[in-house]
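Listed below are the residues making up each chain.
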Amino acid sequence: MLTRLHIRDFAVIQEVAIEFGAGFNVITGETGAGKSILMGALHSILGGAAGADLVRAGADRCVVEGTFELPEGSSAQARLEAAGIQSEDGQLILRREVLGNGRSRAYLNGMAVPLRALRSAGGALVDLHGQHDHQTLLDPQLHTGFLDAFGGLGPAAA
C-alpha cells in the first residue's frame, strides 16, 4: 500500500508530501486541481516516462519518492521477491530524480537501480486506472471478444 508520496519541483508543484491512510484512497478534485500532475508523479516512480519538461521552471531537478508498506506474506511482497527486489522491514521506497537535461536516476530503498527495476517493482505494487478506462465496455465491437475471453473460447474463436 502506498503510504506516502513526496514530490519536489515536479511540473508546477514546488513541494508536497501526501500521507495516505489505511483503506480506500481516492484523489478527487475539480478540473485544474492537479490530479493529473499527482498521477504523473506517481507514474514516474513506477518507471514511466519522465523528461526534462517535468522539472519545475527554475529548478535543476525534480524528485518524486513513494513509500510503500508491504504486509508480510502479501502477494505484492511475493512478486517483488520473485523479481529479486527485497523490502526493508516491510517497506519499499521508490524514488525518481529527473534532471533539467532530461536524464533521470532511479532508486529502490536508497540504492541506485536501472529504470527497469522501478518498472518491475511498480508493476507489483500499483495498478493505475484512469477515469475513462472502463469505457471500452461500452464499445459493441469489443463485446464478442469479451465474451469469448470470459468463456475461454479465444482459441476456438480465432
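Residues numbered from 1 in each chain as written. Predicted model: local features only at pLDDT ≥ 70, side-chain atom pairs only at ≥ 80, totals over all residues. Heavy atoms only, no water.

Visitor: Even after reading the chapter, I still don't get the pattern of salt bridges, so can you show me in this structure?
Guide: Evaluation of the coordinates by the stated rule reveals 7 salt bridges. Salt-bridge contacts for arginine 56 lead to aspartate 9; the nearest nitrogen and oxygen are separated by 3.0 Å. Of this pair, arginine 56 sits in the loop between helix 1 (35-45) and strand 3 (61-69) while aspartate 9 is found in strand 1 (residues 2-10), placing the two residues 47 residues apart along the sequence. For aspartate 9, a relative accessible area of 13% puts it in the buried group. Two residues, arginine 95 and glutamate 97, come together in a salt bridge whose shortest N-O distance is 2.9 Å. Residue arginine 95 is classed as partly exposed on the basis of its relative accessible area, which comes to 24%. Members of the salt-bridge network, linked through shared partners, are Asp60, Arg61, Glu65, Arg95, Glu97 and Arg105. (Salt bridge = Lys/Arg side-chain N within 4 Å of Asp/Glu carboxyl O. Helix = DSSP H or I, 4+ residues; strand = E, 2+ residues; numbered from the N terminus. Buried < 20%, exposed > 50% of the residue type's maximum accessible area, 1.4 Å probe, protein only.)

Visitor: Teacher, can you tell me more about helix 3 (residues 115-125) here?
Guide: Because an α-helix packs 3.6 residues into every turn, residues spaced three or four apart end up facing the same way. All of the buried residues along helix 3 are Ala117, Leu118, Ala121, Gly122, Ala124 and Leu125. Each buried residue of helix 3 lies within a common arc of 160° when the element is viewed along its axis, so the set occupies one face. Buried residues along helix 3 sit in contact with helix 1, strand 3, helix 2 (75-82), strand 4 (91-99), strand 5 (104-108) and strand 6 (111-113). (Arc of directions from axis to C-beta. Contact = heavy atoms within 4.5 Å.)

Visitor: Mind showing me how you'd approach the sheet that holds strand 5 here?
Guide: Pairing between the strands of a sheet comes from backbone hydrogen bonds, and it takes one of two forms, parallel or antiparallel. The strand order across the open sheet built from 6 strands is 2-1-3-4-5-6, with neighbouring strands paired in antiparallel fashion. The strands lining the two open edges of the sheet, one partner per strand, are strand 2 (13-19) and strand 6. Shown here is a sheet whose adjacent strand axes are inclined to one another by a mean of 15°, direction ignored. Summarising the sheet, strand 1 and strand 3 pair through 6 bridges and their orientation is antiparallel. Residue pairing across strands places arginine 8 opposite valine 63, the latter belonging to strand 3. Sitting on the sheet, helix 1 is in contact with strand 1, strand 2, strand 3 and strand 4, with an inclination near 105° to strand 1. (Pairing = 2+ DSSP bridges. Axes fitted to C-alpha atoms, helices over the stretch in contact; angles between N-to-C directions.)

Visitor: What exactly am I supposed to notice about helix 4 (residues 140-150) here?
Guide: Little of helix 4 sits out of view: just 0 of its 11 residues are buried. At the exit of helix 4 stands glycine 152, carrying a positive phi of roughly 70°.

Visitor: How do you make sense of the pairing of strand 1 when you look at a structure like this?
Guide: On any regular strand, side chains alternate: one points to one face of the sheet, the next to the other face. Taking burial as the measure, the 9 residues of strand 1 include 7 buried ones, the bulk of the element. Adjacent in sequence and paired antiparallel, strand 1 and strand 2 are bridged by 2 residues, among which alanine 11 carries a positive phi angle near 55°.

Visitor: Mind showing me how you'd approach the nonpolar core here?
Guide: One broad rule of soluble globular proteins: the nonpolar side chains tend to lie buried together. Formed by 31 residues in total, the largest nonpolar core has its most connected members in Ile7, Leu80, Leu92, Leu94, Leu108, Ala121 and Leu125. In this structure leucine 80 touches Leu70, Ile85, Leu92, Ala121, Ala124 and Leu125, once residues within four positions along its chain are discounted. (Core = buried A, V, L, I, M, F, W, Y, C linked by side-chain atoms within 4.5 Å.)

Visitor: Can you walk me through the pairing of strand 5 in this structure?
Guide: Of the pairings in the sheet, the one linking strand 4 to strand 5 comprises 5 bridges and is antiparallel in character. Of the residues in strand 5, the one forming a bridge with leucine 94 is leucine 108. With antiparallel pairing between neighbouring strands as the criterion, strand 4 and strand 5 make up a hairpin whose turn holds 4 residues, including glycine 102 at a positive phi of roughly 95°. Pairing of strand 5 with strand 6 involves 3 bridges; the strand directions are antiparallel. The residue bridging leucine 108 from the neighbouring strand is methionine 111, located in strand 6. From the end of strand 5 to the start of strand 6, which pair antiparallel, there are 2 residues, and asparagine 109 there has a positive phi angle of about 50°.

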